[in-house]
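Survey of secondary and tertiary structure
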Amino acid sequence: MTNSDLVHLDDRLRAQRQSFDKIPIIDIGPLLDNTGALSVAKEIRWAFANVGFMYAKNHGVPAQLVDDTFAQARAFFKQPLEEKMKLHIANSGIALHGYVEMFGENADPTNSKDLKECFDFGPERPALERPFFGPNQWPSALLGFRATLLAYHQIMKDLATKLLQGIALSLDLPRDFFNSKISDPITYQRLLRYPPQSGRVEEKIIGIGAHTDAGNLTILAQDSVGGLQVMNREGVWVEGVPIAGTFVINIGDLLQILTNGMYLANSHRVVNVSGRERYSIPFFIDANYDAVFEPLDRYVSPSNPSRYLPVTCGAHKLGEFVRTFPHLENVLRER
Ligand SMILES: O=C(O)CCC(=O)C(=O)O
Ligand SMILES: [Fe+2]
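To keep things clear, this report deals only with the structure shown in the data block. Position numbers for residues count from 1 along each chain, tracking the sequence in the order it is written. As they are written, the chains are lettered A onward and the ligands numbered 1 onward, keeping that order. Local features in a predicted model are, by the rule used here, given only for residues with pLDDT of at least 70; side-chain atom pairs are given and counted only at 80 or more, and totals for whole chains, interfaces and linings are based on all residues. Side-chain numbers come from the whole structure's heavy atoms, not from hydrogens or water.

All right, on to the coordination of the iron ion (ligand 2) then. Protein coordination at the iron ion (ligand 2): the donors are His-211 (NE2), Asp-213 (OD) and His-268 (NE2), at 2.1 to 2.2 Å from the metal. A donor here means an N, O or S atom no more than 2.8 Å from the metal, or no more than 3.2 Å when the metal is Na, K or Ca. Since water is not included, a site may seem to lack partners. Taken in chain order, the donor set of the iron ion (ligand 2) reads H-x1-D-x54-H. Taken together, the residues Asp-213 in the loop between β8 (208–211) and β9 (217–222) and His-268 in strand β13 (residues 268–270) connect sequence positions 55 residues apart. The burial state of Asp-213 is the same as that of His-268; both residues are buried. Working definition: helices are DSSP H or I runs of at least four residues, strands are E runs of at least two. Numbering for both runs from the N terminus. Buried, partly exposed and exposed residues are distinguished by accessible area as a fraction of the type maximum, computed with a 1.4 Å probe on protein chains only: under 20%, between the cut-offs, and over 50%, respectively.

As used in this record, nonpolar core signifies buried Ala, Val, Leu, Ile, Met, Phe, Trp, Tyr and Cys residues forming a set joined through side-chain atoms within 4.5 Å. Formed by 96 residues in total, the largest nonpolar core has its most connected members in Phe-119, Ile-167 and Phe-247. In terms of residue count, the dominant contributor to this core is helix α5 (residues 145–170) (eleven residues). Those residues within four positions of Phe-247 in sequence are excluded, and the remaining contacts are Met-54, Tyr-55, Ala-56, His-59, Val-61, Val-66, Tyr-152, Met-156, Leu-159, Ile-219, Leu-220 and Ala-221. For this analysis, residues touch if any pair of their heavy atoms sits within 4.5 Å.

The axes used here are C-alpha line fits, helices contributing only the stretch in contact, and every angle between their N-to-C directions lies in the interval 0 to 180 degrees. Remark: helix α3 (residues 63–78) packs on α5, axes separated minimally by 10 Å, with the N-to-C direction vectors making an angle of 135 degrees. Regarding the angle of α3 to α5, the classification is oblique. The chirality of how α3 crosses α5 is left-handed. On the side of α3, the interface is formed by Leu-65, Val-66, Asp-68, Thr-69, Gln-72 and Phe-76, while α5 contributes Phe-145, Thr-148, Leu-149, Ala-151, Tyr-152 and Ile-155. The residue classification treats Ala, Val, Leu, Ile, Met, Phe, Trp, Tyr, Cys and Pro as nonpolar and Asp, Glu, Lys and Arg as charged. All others, Gly included, are polar. Here the contact of α3 with α5 is built from residues that sort into eight nonpolar, three polar and one charged. In what follows, roughly perpendicular refers to angles from 65 to 115 degrees, roughly parallel to angles under 35, roughly antiparallel to angles over 145, and oblique to any angle outside these ranges. Here a crossing is taken to be left-handed if its near helix is turned anticlockwise relative to the far helix by less than a right angle, and right-handed if that turn runs clockwise.

Tracing the sequence through the fold places Arg-269 in strand β13. At 4.6 Å, Glu-203 is the nearest oppositely charged side chain to Arg-269, a buried residue that forms no salt bridge. Every residue in contact with Arg-269, bar those within four places of it in the chain, is listed here: Ile-206, Ile-208, Gly-209, Ala-210, Gly-227, Leu-228, Gln-229 and Trp-237. Counting rule for charge: Lys and Arg are taken as positive, Asp and Glu as negative, and neither His nor the chain ends is counted. Salt bridges are identified by distance alone: a Lys or Arg side-chain nitrogen within 4 Å of an Asp or Glu carboxyl oxygen.

Here we come to the sheet that holds strand β10 (residues 228–231). Reading across from one edge, β8-β13-β10-β11 is the order of the four strands in this open sheet, with antiparallel pairing throughout. Across the chains shown, the open sheet's two edge strands, defined by having one partner strand only, are β8 and β11 (237–239). In this sheet, adjacent strand axes meet at a mean angle of 25 degrees when their direction is disregarded. We call two strands paired when DSSP finds no fewer than two bridges between them.

Moving on, we come to the site of ligand 1. Here a residue is near a molecule or strand as soon as one of its heavy atoms is found within 4 Å of it. Every one of the 14 residues lining ligand 1 counts as a neighbour, but Tyr-194, His-211, His-268, Arg-278 and Ser-280 are closest to it. A 3.5 Å cut-off defines polar contacts: any pair of N or O atoms within that distance qualifies, except that in protein one atom must be a possible hydrogen donor and the other a possible acceptor, and neighbouring residues in sequence count only when both atoms are side-chain atoms. Between ligand 1 and the protein, one listed contact pairs an oxygen atom with a side-chain N or O atom of Asp-213 at 3.2 Å. Residue Ser-280 places a side-chain N or O atom 2.6 Å away from an oxygen atom belonging to ligand 1. Its free accessible area being 300 Å², ligand 1 has 96% of it covered by the protein chains. Grid points spaced at 1 Å and placed over the protein atoms alone form the basis of the search, with a cavity being a set where a 1.4 Å probe fits but cannot get out and a pocket an open set showing protein on both sides within 12 Å along at least five of seven lines. Lining residues have an atom within 4 Å of a point. A molecule is said to be in a cavity or pocket once over half of its atoms fall within 2 Å of that pocket's grid points. A majority-of-atoms criterion places ligand 1 in the largest cavity. Contributions of two or more residues to the shell around ligand 1 are made by β6 (185–194), β8, β13 and β14 (278–288). With four residues, β14 is the single largest residue contributor to the shell around ligand 1. Across the shell around ligand 1, the residue classes break down as eight nonpolar, three polar and three charged. We get accessible surface area from the Shrake-Rupley algorithm with a probe of 1.4 Å; when it comes to residues, only the shown protein chains can shield them.

In structure tokens, the structure reads:
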């Protein structure tokens, strides 16, 4: 988030936050089966107020589906560059679905170029409707690719909906608080491949530059390679080590805005010096395109004034994409 209209308090100046040296692991089973939703909500509250990240275990997503999705990602990226470029994201205009080559998106463009390639898609729409809502581009040669990815996307959407219920409870809001905001949400599914770096590795080229996620919630599956880093309150990068069978969950700018900064959309990046290729599969749930996010009254007081102007989900997300996707300037000019 770099909206110049917002207050830019360095979060490390906020004394009440606790620092961390590990990202908490939370068993979300009791939230999903409703045997202990409030105790899970309490753990979620600590995690998002202090770390902005958590691992979710006992999430109910079949390991086979996760494995199949990683296998499809490997098959996709193994194709020749010219095959992948046929599905380039620029073909989709403002739907922003397709292939992104190395350095084609840079999450922290003033400091780093991203040494990664991606494949991005969203909910299936027959025609272009508005930013993030339009047709996907599927590789015709890969058997089972579309079906596997759409199944994964749907299960992520269901899980995210339940996690947002837990987040509502964690904020003492009605469990269904987010429902009206996510009746037709922007969701974005990404496959990522990070080649290993060797020799002198400097910030100007890393896997993905330091950033916060723009939306509500991110659910990340990562392989066993490692390289994700999350900043703690002392400005130290803490590794989000791979933990088998878990997802890494983090909140994005919209939840930070809603809570007037009480919940933290934390800065993270990837540096892959493992000597191996790293694959990860983040799912992003934002909100309805026109849903407005601004600090809830309960988080605003004379001693804690509002730090954020109201934003719509779609405008905020598109703004972030314009900042990070160099090709998008041309797309928008041609509209
Ligand atoms: O690959 C990862 O572990 C993180 C990816 C990420 O931060 C993103 O796509 O926003
Ligand atoms: Fe991210």
